[in-house]
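Below, each chain spelled out in residue letters.
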Amino acid sequence: MAFISTISIHPSTLLSSRSISSKRLINAAIRIPKLNSRPFNNNNLSVPKIPSSSRDLVQDYVMSTTHSKMLHHNHNIKTLELLSILEAVAERAEIHKNVAEQRDNWNKLLLNSINMITLAAATMVAVADSHGGGASSISALNLSSTLLFSAATGMLLVMNKIQPSQLAEEQRKATRSFKQLQTQIETTLALGVPTEEDVKSSIAKVLAIEKAYPLPLLGGAMLEKFPAKFEPAVWWPRRNNKTKSDHQEGKALMNMNGWSEELEMELREVIEVVKRKDVEDYERLGNKALKANKTLAIAGPLLTAIAALGSVFVAGNNGAGVVSAMAGSMAAVVNAFEHGGQVGMVFEMYRNCGGFFKQLEETVEATLEENDFDKRENGQVFELKVALQLGRSVSQLRELASKSVSCRAEGISIDEFASKMF
């Protein structure tokens, strides 16, 4: 049996509980500010501002990153450009090497051919002059010798004009210059990232070598083989004359990038010795070789022309045959001495030697005229390079400079000084 119990609550109790709960509700309420009644707008939202110092740091970072990327891109381009130049230089060196071998073969083949033709014609003239047979046989020998002497004259004129031995020496020098430039470019790439100046300098050197030792023989590109006077060869880009500013005047150079006053005085004295001794010697020898080459180049075709003319009048004992045979024999000797002895190559060798000392002089002067010592090559390294180029050690180079100064102070001539030093 279930009992249901009822609980009776007094009305006053209910009223008191309601009042208590209402008080609690009021005390726990959270006051929320009223929202703006205007419609929602994105412009009303405010973004917190970055402090100016932080903003500058961000901008600097972005700019530095962009600048580094641009530099990296430019460096990559310069490296690729220098690699392209290196490839072209290696190809040029191979081309000039092959052309040098070809023109050396020209000299040998033309020399042998012309001498064989000349000696054969001289033999025919001698036989015709001493022949006692009929006129028909004599006429055949005379005609053959005349044609051979005429052909030898024409071939000699062409050979003496182009001077194959000199052409071969030009291409050998071009090959050496391109190989030297190739080594310099490889060194630049190995040491670090190339610059715009490295690219421009390499291109200028390539163009200068091509201009100094051209490949074509026609169209006026070939060098003059018989100039009016001896001039050293120039296969490097010429520098503009710089005027030295006076901000270094009166200042002592105390080991700035390896440079000092003593080193500058030493290099200037060495260049003076080179000018007074080596440059003058090679200029004198070059002029002698030029005169000898001109004389031989005229004498060879002249003798073969005389031999050809004499062979026409060979008849009996009038002496024309003797003159023709002797002229032909002498022409063979002159031709062998000129092209077998490679007089043109000797002249070109003197031009290159004179150019070497001229380049050394300009390099030293341009280096000493540079007032910014940081842009100069290190003084000790530069001194070592100059010493090795002159075939001396650094101590010998310094001894040369000191003795030159003392000899000039004592009034000793350059010949006497050279006899002591060399």
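Data block above holds the structure.
Keep in mind it's a predicted model, so treat the numbers as computed, not measured.

A. Quick peek at the overall build of the chain. For the chain, the helix and strand inventory stands at 11 helices and 0 strands. Mapped from its N terminus to its C terminus, the chain presents α and β elements in the order α-α-α-α-α-α-α-α-α-α-α. Considering only residue pairs separated by 6 or more positions, the chain has 83% of its internal contacts joining residues 24 or more positions apart. When the accessible surface of the chain is totalled, it reaches about 26300 Å², and 60% of it is carbon and sulfur.

B. Quick peek at helix α6 (residues 261–312). The terminal C-alpha atoms of α6 lie 76 Å apart, and with 52 residues this matches the ideal 76 Å at 1.5 Å per residue to within 8%. Along its length, α6 reaches its greatest deviation from straightness, about 35°, at Val-274.

C. Representation of unusual backbone geometry in the model. Positioned with a positive phi, Gln-163 is a non-glycine residue whose angle comes to about 50°. Tracing the sequence through the fold places Gln-163 in the loop between α3 (135–162) and α4 (164–191). A positive phi angle, near 50°, is found at Gln-342, a position not held by glycine. Tracing the sequence through the fold places Gln-342 in the loop between α7 (320–340) and α8 (343–369).

D. Region of the structure containing the pattern of salt bridges. If you walk through the whole model with that rule in mind, you get 20 salt bridges. As a salt-bridge pair, Lys-78 and Glu-81 come within 3.6 Å of each other at their nearest N and O atoms. Taken together, the positions of Lys-78 and Glu-81, both in helix α2 (residues 52–130) and 3 residues apart, correspond to about one turn of that helix. Note on Lys-78: relative accessible area 17%, which makes it buried. Assessed through its relative accessible area of 31%, Glu-81 is described here as partly exposed. A salt bridge links Asp-281 to Lys-277, with the nearest nitrogen and oxygen atoms 3.1 Å apart. A residue pair is termed a helical-turn pair when its members lie 3 or 4 positions apart in one helix, as Asp-281 and Lys-277 do in helix α6 at 4 residues. A relative accessible area of 18% means that Asp-281 is categorised as buried.

E. Broad picture of the packing of α6 against α8. With their axes 9 Å apart at the nearest point, α6 and α8 run at an angle of 160° to one another. In terms of their interaxial angle, α6 and α8 are classed as roughly antiparallel. Like other packed secondary-structure pairs, α6 and α8 cross with a definite hand, here left-handed. Here the residues of the contact of α6 with α8 sort into 17 nonpolar, 3 polar and 6 charged.

F. Structural view of the environment of Gln-184. Checked against the element boundaries, Gln-184 lands in helix α4. A relative accessible area of 34% means that Gln-184 is categorised as partly exposed. As a C-alpha pair, Gln-184 and Ser-202 span 18 residues in sequence and 9.0 Å in three-dimensional space.

G. View of the packing of aromatic side chains. Inspection of the entire model under this criterion finds 6 aromatic pairs. With a centroid separation of 5.2 Å and an interplanar angle of 90°, the aromatic rings of Trp-235 and Trp-236 are classed as edge-to-face. An aromatic cluster of three or more residues is present, and its members are Tyr-282, Tyr-350, Phe-356 and Phe-357. For Lys-173, the ring lying beneath its charged end belongs to Trp-235, and the centroid distance is 4.0 Å. Between the NZ or CZ atom of Arg-376 and the centre of the ring of Trp-259, over which it lies, the distance is 4.8 Å.

Conventions adopted
Residues numbered from 1 in each chain as written. Predicted model: local features only at pLDDT ≥ 70, side-chain atom pairs only at ≥ 80, totals over all residues. Heavy atoms only, no water. Helix = DSSP H or I, 4+ residues; strand = E, 2+ residues; numbered from the N terminus. Contact = heavy atoms within 4.5 Å. Areas by Shrake-Rupley, 256 points an atom, 1.4 Å probe, with all protein chains shown as cover. Expected span 1.5 Å × (residues − 1). Bend = angle between axes of the 7 residues up to and from the residue. Salt bridge = Lys/Arg side-chain N within 4 Å of Asp/Glu carboxyl O. Buried < 20%, exposed > 50% of the residue type's maximum accessible area, 1.4 Å probe, protein only. Axes fitted to C-alpha atoms, helices over the stretch in contact; angles between N-to-C directions. Parallel < 35°, antiparallel > 145°, perpendicular 65-115°, else oblique. Left-handed = near helix turned anticlockwise from the far one by under 90°. Nonpolar A, V, L, I, M, F, W, Y, C, P; charged D, E, K, R; others polar. Phe/Tyr/Trp six-rings, centres within 6.5 Å; stacked < 30°, edge-to-face > 60°. Lys NZ or Arg CZ within 6 Å of the ring centre and 35° of its normal.

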